Amino acid sequence: MSKTTAFFNYINEGYTTKGEFITLGAGMLEEETVTNALVNIPLKTLNRHGLIAGATGTGKTKTLQVLAENMSEKGIPVLLMDVKGDLSGLAQPSPGHPKIDERHVKIGIPFNATKFPIEILSISEQDGVRLRATVSEFGPVLLSRILDLTETQSGIVAIIFKYCDDNQLPLLDLKDFKKILQYVTEEGKEEIQSEYGRISTASTGAILRKVVEIEQQGGDLFFGEKSFEVDDLTRVDENGRGVISVLRLTDIQDRPKLFSTFMLQLLAEVYETFPEQGDSGRPELIIFIDEAHLVFEEASKALLSQIESIVKLIRSKGIGLYFVTQNPKDVPEDVLAQLGMKIQHALRAFTAKDRKAIKLAAENYPDSEYYDTKEVLTQLGIGEALVSVLNEKGIPTPLARTMLRAPMSRMDVLTEKEIKQVLDNSRLIPKYNDTIDRESAYEILNEKIDKINKEKTEEEARKEKEKTSRRSTSTRSRSTRMNPVVKVLTSATFIRAAFGILKKVIR
């Protein structure tokens, strides 16, 4: 048996599935594609999470695009984080190219140019379906972790949420939260202290500074109503294809705090909302987090712990998380250990640090008699990757150097006119893009503060009036009482005596 035939059997045995699957491409041996040695991913294990890694320009985004397209075709809804702005092309079919046809002949599968149903979302000022969440929906624990608060400060946030719950004060946006911080340290200080204990002004000041930091990164646009319902991420179109929700993030690359805030809230909301389903035949939703280092770089230890917990638990809800980044080391080890699918594009070995990173990356993959993993990692061409996934039994498949299939949709951005067309056809924009600013903690507390200040002013005026009245009464009293000396001098007895003395003197 030739080495090529043995490799063909090796790949086919390792990647054959009983249920539905997605074809990524074909295995390669010694830089040659082995036609029909197809590398397949079972739909059943897509909720076991995944990693797409590789240096800039090696094809990570196109791999993400291929996965999203094929998931959509299988009726699986997808959410993409479009940080670089080059994924909107999913809405238009590929124009095709002879090199694409040549690639697919080598792989052994046909190429069909296709457009996919997409929904454009936004958490900033960019056009799209507006994603929002209220402060109350975060809750005190998650909000404290996002703000990276100390234990004492987190306790104060818990008290604030309890006070708002007890007094029917809706916390919807950041101005609500800032107003309650002001209230508990000023006008409502005595009320809070009598019911919930003393709150340090220094601590509330520190919390306020953290809130302002989020606000300056665009949090004032994200916090508020109408809250986005995560069920709207799980829609399918009239043809049974999963809707691909493309979240435009091109203008927040320098605002990682907002990005990580959004991501953590979304994952928490999905986890709390979706029912348990265990390992079903297909996932309910796949979420791709491009430029994943933005989530982890600015995260505190508490926030990382929260993310790790969600990654471990959320797959039982039928949710798959796929992290896209340049190097596997950008993802914390505890998260990396949970990722069942790994697609590794080329890494560059320009420095000693790069070579060390390549060695570490190679250790994430199974050993193979056909490859020296460390060497192959630096030799992979554009559109090639080392692949290992989980089979239907949850066992890692053989490592395969893979010639990846080309995207069926356009590998470029939409024009402004095409984007407008997508937005005009959106079913969600009418639902979410009207700003709602109903009465909440800000307005209620302003009224309460005005009432307190009015009562305080009236009380001061009353006291001043009483003081003035007492002073006036005292003056009148003094003026009506006759001086004792004057009284003696004006008495009849004194006058008669004085006249008697005067007569004697005249005589």
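That block above? That's the structure.
Residues numbered from 1 in each chain as written. Predicted model: local features only at pLDDT ≥ 70, side-chain atom pairs only at ≥ 80, totals over all residues. Heavy atoms only, no water.

> Any chance you could break down the side chain of K342 for me, citing the residues and the numbers?
Here K342 is to be found in strand 10 (residues 341–344). Within the buried set, K342 has no salt-bridge partner at all; the shortest N-O distance to an opposite charge, 12 Å, is to E333. A polar contact of 2.9 Å, which involves the side chain of K342, links it to the backbone oxygen of L339. Beyond its immediate stretch of four places on either side in the chain, K342 contacts L51, L336, N364, Y365, L386, V387 and S388. (Helix = DSSP H or I, 4+ residues; strand = E, 2+ residues; numbered from the N terminus. Buried < 20%, exposed > 50% of the residue type's maximum accessible area, 1.4 Å probe, protein only. Lys, Arg positive; Asp, Glu negative; His and termini not counted. Salt bridge = Lys/Arg side-chain N within 4 Å of Asp/Glu carboxyl O. Polar contact = N/O pair within 3.5 Å; in protein donor to acceptor, adjacent residues only side chain to side chain. Contact = heavy atoms within 4.5 Å.)

> Give me the lowdown on helix 5 (residues 151–166), citing residues and values where you can.
Note that an α-helix has 3.6 residues per turn; residues three or four places apart therefore point the same way. Taking 1.5 Å of rise per residue, the 16 residues of helix 5 would be expected to cover 22 Å, and the 23 Å separating its terminal C-alpha atoms lies within 8% of that figure. If you check which residues of helix 5 are buried, you get Q153, I156, V157, I160, F161, Y163 and C164. Seen end-on, helix 5 carries its buried residues on one side only, within an arc spanning 160 degrees. More than 90 degrees from the buried face of helix 5, the exposed residues found are E151, T152 and D165. At the exit of helix 5 stands Q168, carrying a positive phi of roughly 50 degrees. (Expected span 1.5 Å × (residues − 1). Arc of directions from axis to C-beta.)

> I'd love a proper account of the sheet that holds strand 5 (residues 118–122), names of residues and values included.
Taken in spatial order, the 12 strands line up as 2-1-12-11-10-3-9-8-4-7-5-6 in an open sheet, and their pairing is mixed. A strand with exactly one partner marks an edge of an open sheet, and here the two such strands are strand 2 (32–42) and strand 6 (129–130). Its contacts with the sheet put helix 1 (residues 3–15) on strand 1 (21–29), strand 2, strand 11 (384–388) and strand 12 (400–404), and the angle it makes with strand 2 is roughly 10 degrees. (Pairing = 2+ DSSP bridges. Axes fitted to C-alpha atoms, helices over the stretch in contact; angles between N-to-C directions.)

> Give a detailed account of the nonpolar core, specifying residues and quantitative values.
Core analysis: the largest hydrophobic core is formed by 77 residues, its most contacted members being M81, F177, I180 and F323. Top element by residues in this core is helix 9 (residues 256–273). It accounts for 9 residues. If sequence neighbours within four positions are ignored, I180 has contacts with I160, Y163, C164, L169, L171 and L445. Of all hydrophobic cores here, the second largest spans 61 residues; its members include L29, M71, F116 and Y322. (Core = buried A, V, L, I, M, F, W, Y, C linked by side-chain atoms within 4.5 Å.)

> Tell me about the pairing of strand 12, and name the residues and values.
Counting buried positions along strand 12 yields 5 of 5 residues, so the element is predominantly enclosed. Residues A400, T402 and L404 of strand 12 are buried on one face, and the alternating residues R401 and M403, pointing to the opposite face, are buried as well. Looking at chain direction, strand 1 and strand 12 are connected through 3 bridges and run antiparallel. In the sheet register, G27 faces strand 12, and the bridge partner there is T402. In terms of strand pairing, strand 11 meets strand 12 through 4 bridges, oriented antiparallel. Its bridge partner lying in strand 12, E384 is registered against M403.

> Can you explain the packing of helix 6 (residues 174–185) against helix 8 (residues 201–222)? Please cite residues and give values.
Running from amino to carboxyl end, helix 6 crosses helix 8 at an angle of 165 degrees, the nearest separation of the two axes being 10 Å. Put simply, helix 6 runs roughly antiparallel to helix 8. The two elements helix 6 and helix 8 meet at a crossing, and its hand is left-handed. Across the interface between the two elements, L174, F177, K178, L181, V184 and T185 from helix 6 touch T201, T204, I207, L208, V211, I214, E215, G219 and D220 from helix 8. The residue inventory of the contact of helix 6 with helix 8, partitioned by class, reads 8 nonpolar, 4 polar and 3 charged. (Parallel < 35°, antiparallel > 145°, perpendicular 65-115°, else oblique. Left-handed = near helix turned anticlockwise from the far one by under 90°. Nonpolar A, V, L, I, M, F, W, Y, C, P; charged D, E, K, R; others polar.)

> Can you lay out the packing of aromatic side chains for me, pointing to particular residues and giving the numbers?
Centre-to-centre distance and the angle between the planes together describe a pair of aromatic rings. For the structure shown, the criterion picks out 12 aromatic pairs. Here F7 and Y10 contribute two aromatic rings whose centre-to-centre distance is 6.3 Å and whose plane-to-plane angle is 35 degrees, an arrangement assigned as tilted. Pair noted here: F7 and Y10 are both in helix 1, with a separation of 3 residues, about one helical turn. No difference in accessibility class separates F7 from Y10, as the two residues are buried. Ring plane angle 85 degrees and centroid distance 6.1 Å describe the contact between F138 and F222, whose orientation is recorded as edge-to-face. One end of the pair, F138, is in helix 4 (residues 135–146); the other, F222, is in helix 8, and 84 residues separate them in sequence. Just as F138 is buried, F222 falls in that class too. Members of the aromatic cluster, each reached through a chain of ring pairs, are F7, Y10, Y370 and Y371. Lying across the ring of Y271, K317 places its NZ or CZ 4.7 Å from the centre. (Phe/Tyr/Trp six-rings, centres within 6.5 Å; stacked < 30°, edge-to-face > 60°. Lys NZ or Arg CZ within 6 Å of the ring centre and 35° of its normal.)

> A description of the pattern of salt bridges should follow, citing residues and the corresponding values.
Under the definition given, this model contains 14 salt bridges. Across the pair K178 and E215 runs a salt bridge whose closest N-O atoms are separated by 3.0 Å. In this pair, K178 sits in helix 6 while E215 sits in helix 8, placing the two residues 37 residues apart along the sequence. Judged by its relative accessible area of 26%, K178 is partly exposed. By relative accessible area, which is 23% here, E215 ends up partly exposed. Across the pair D237 and R241 runs a salt bridge whose closest N-O atoms are separated by 3.4 Å. Judged by its relative accessible area of 18%, R241 is buried.

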